[in-house]
Amino acid sequence: MKIALITGAGSGMGRCFALYAKKFYRKIDMLWLIGRNEKKLKKTAACISMPCLCISADLSNDSGLEKIKNMLAKISPEIVLLVNSAGSGLMGGFRQMTVCESVSMCDINCRGLTAMTSLCLPYMHKGAGIINLASAAAFLPQPYFSVYSASKAYVYSFSRSLSRELRKDGIRVCAVCPGCVDTGFFDGAQKYEKLKPYKKVFMAKDSKVVKKALKDAAGGRGVSVYGIPMKLFYLLCKLIPSELILRILW
Ligand SMILES: NC(=O)c1ccc[n+]([C@@H]2O[C@H](COP(=O)([O-])OP(=O)(O)OC[C@H]3O[C@@H](n4cnc5c(N)ncnc54)[C@H](OP(=O)(O)O)[C@@H]3O)[C@@H](O)[C@H]2O)c1
C-alpha cells in the first residue's frame, strides 16, 4: 500500500497538504493523518475521497513517536510522501516564557520532525518525497521570536543537507519557507506579543502556499518560498550580513 503521511493534518497547512497531496503525488492510495486532536483529523478526513487513517499522537514525546513506529512496523506501507507540518510557535521575549513553553517549540519543531523523518525513511524508496515545514523565520535570527526562528533554521539546514544525502536514493527533500500564513498558528503564538501590523500585510493564503510547496517538491526543488516579498527577503538575507540586518531592524 502506498501512503502519504501528513503530520499536523487537523488544521492549517497540514490540512491543505492532505486535501491536495493526491493531485501532485498520484501514486498515493491512502493518507495517514497525524495530530493530537482526533476530532480535527476526522474533519479533515471527511473532506477527502481517498481512504484516510487518523492517528492521534503527540509527536513531541516518546509515547507518540512509539505509536507511529509500531504502526509502521505492523502495516509496513510504502511511504510515497512525508509531510512534516506539525509545529508550534510563541512570540515574545525569551525571559517572559516558561521553560516548558520554550522547550516545547524545540520538542515538536526539531525533535518531532527529526524523529518522524528517521522513522519513515526505511519505508521510503526512489521517487518518494519529504516536505518539511520550515519558515521564512529560518532566514534570519529573530529577537522576540528567538526559539521559533532558531528551530526553523534547524529545519531548513537539516532539510538542505538531507536532500543532498538522499539524492543517490532518489528521495527528494523540500524545505518550505513561507512568511505569515492565514492559519490558526497565530492564535496561540500571540500570548506575549502581538503580530506586527506590517507582517499582516504580507499574510499568504494557506492553500496557495501548499499548492506551490507540493509543485516545488514534486519538481525536485530543495526550497519552496511563496510570494515575491518572501523571495526578496530570502535574497536579502543571503546578500547582507545578518548582523547588519539585525542592527537595522532591532
Ligand atoms: N502560519 C504561519 O504563518 C507559518 C509560517 C511559516 C511556517 N509555519 C509552519 O507551518 C507548520 C504548520 O503550521 P500552520 O500554520 O498550519 O498552523 P496550525 O494550524 O497551528 O497547525 C499546526 C499543527 O501542528 C499540530 N501539532 C502541534 N503540536 C503537535 C504535537 N506536539 N504533536 C502532533 N501534532 C502537533 C497541530 O495539531 P493538534 O493541535 O491536533 O496536535 C496543528 O494541526 C508549522 O510547522 C509552522 O511552524 C507556519
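Summary of the structure given here.

If you trace the backbone, Ser151 turns up in helix α5 (residues 146-166). Side chain to side chain, Ser151 and Asn109 meet in a polar contact 3.1 Å long. Sequence-distant contacts of Ser151, defined by excluding residues within four places in its chain, comprise Asn109 and Cys110.

Further remarks concern the environment of Thr7. Relative to the helices and strands, Thr7 is located in strand β1 (residues 2-7). With 11 residues separating them along the chain, Thr7 and Ala18 place their C-alpha atoms 9.4 Å apart. Not counting chain neighbours up to four residues away, the residues in contact with Thr7 comprise Gly14, Ile34, Leu59, Val83, Asn84, Ser85, Ala86 and Met116. A polar atom in the side chain of Thr7 sits 2.9 Å from the backbone nitrogen of Ala86.

All right, on to the site of the ligand then. Around the ligand sit 28 residues in total, of which Arg36, Asp58, Tyr148, Val181 and Thr183 are the nearest. Between Met13 and the ligand, the recorded distance is 2.8 Å, taken from a backbone N or O atom to an oxygen atom. For the ligand, an oxygen atom lies 3.1 Å from a polar atom in the backbone of Ser85. Protein chains shield 93% of the accessible area of the ligand, which is 880 Å² for the free molecule. Mapped onto the shell around the ligand, the elements with two or more residues apiece are α1 (12-24), α5 and α6 (185-189).

Here we come to the packing of helix α3 (residues 62-75) against helix α4 (residues 99-120). Running from N to C, α3 and α4 point in directions that differ by 15°, and their axes come no closer than 10 Å. Taken together, α3 and α4 sit at an angle that is classed as roughly parallel. Two packed elements cross with a definite hand, and for α3 against α4 that hand is right-handed. Residues Asp62, Leu65, Ile68, Lys69 and Leu72 of α3 pack against Arg111, Gly112, Ala115, Met116, Leu119 and Cys120 of α4. For the contact of α3 with α4, the residue count by class is 7 nonpolar, 1 polar and 3 charged.

Moving on: empty space enclosed by the protein. Tallying each qualifying case throughout the model produces 1 cavity of 30 Å³ or more. By volume, the largest cavity is sized at about 40 Å³. Residue lining of the largest cavity: Thr7, Leu59, Asn84, Ala86, Ile108, Gly112, Leu113 and Met116, and that is the complete set.

A few words now on the sheet that holds strand β4 (residues 78-84). With parallel pairing, the 7 strands of this open sheet are ordered in space as β3-β2-β1-β4-β5-β6-β7. Pairing within the sheet leaves two strands with one partner each, and these edge strands are β3 (52-56) and β7 (223-224). As paired elements, β4 and strand β5 (residues 129-133) share 4 bridges and run parallel to each other. Note on β5: the bridge partner recorded for Val83 is Ile131. Here α3 sits on the sheet in contact with β1, β2 (30-35), β3 and β4, set at roughly 145° to β3.

Reading the values: the criteria
- Residues numbered from 1 in each chain as written.
- Predicted model: local features only at pLDDT ≥ 70, side-chain atom pairs only at ≥ 80, totals over all residues.
- Heavy atoms only, no water.
- Helix = DSSP H or I, 4+ residues; strand = E, 2+ residues; numbered from the N terminus.
- Polar contact = N/O pair within 3.5 Å; in protein donor to acceptor, adjacent residues only side chain to side chain.
- Contact = heavy atoms within 4.5 Å.
- Near = heavy atom within 4 Å.
- Areas by Shrake-Rupley, 256 points an atom, 1.4 Å probe, with all protein chains shown as cover.
- Axes fitted to C-alpha atoms, helices over the stretch in contact; angles between N-to-C directions.
- Parallel < 35°, antiparallel > 145°, perpendicular 65-115°, else oblique.
- Left-handed = near helix turned anticlockwise from the far one by under 90°.
- Nonpolar A, V, L, I, M, F, W, Y, C, P; charged D, E, K, R; others polar.
- 1 Å grid on protein atoms, 1.4 Å probe; cavity = no way out; pocket = protein on both sides within 12 Å on 5 of 7 lines; lining within 4 Å.
- Points joined across faces, edges and corners; volume = space filled by probe spheres on them.
- Pairing = 2+ DSSP bridges.

All we've got here are geometric facts, nothing functional implied.
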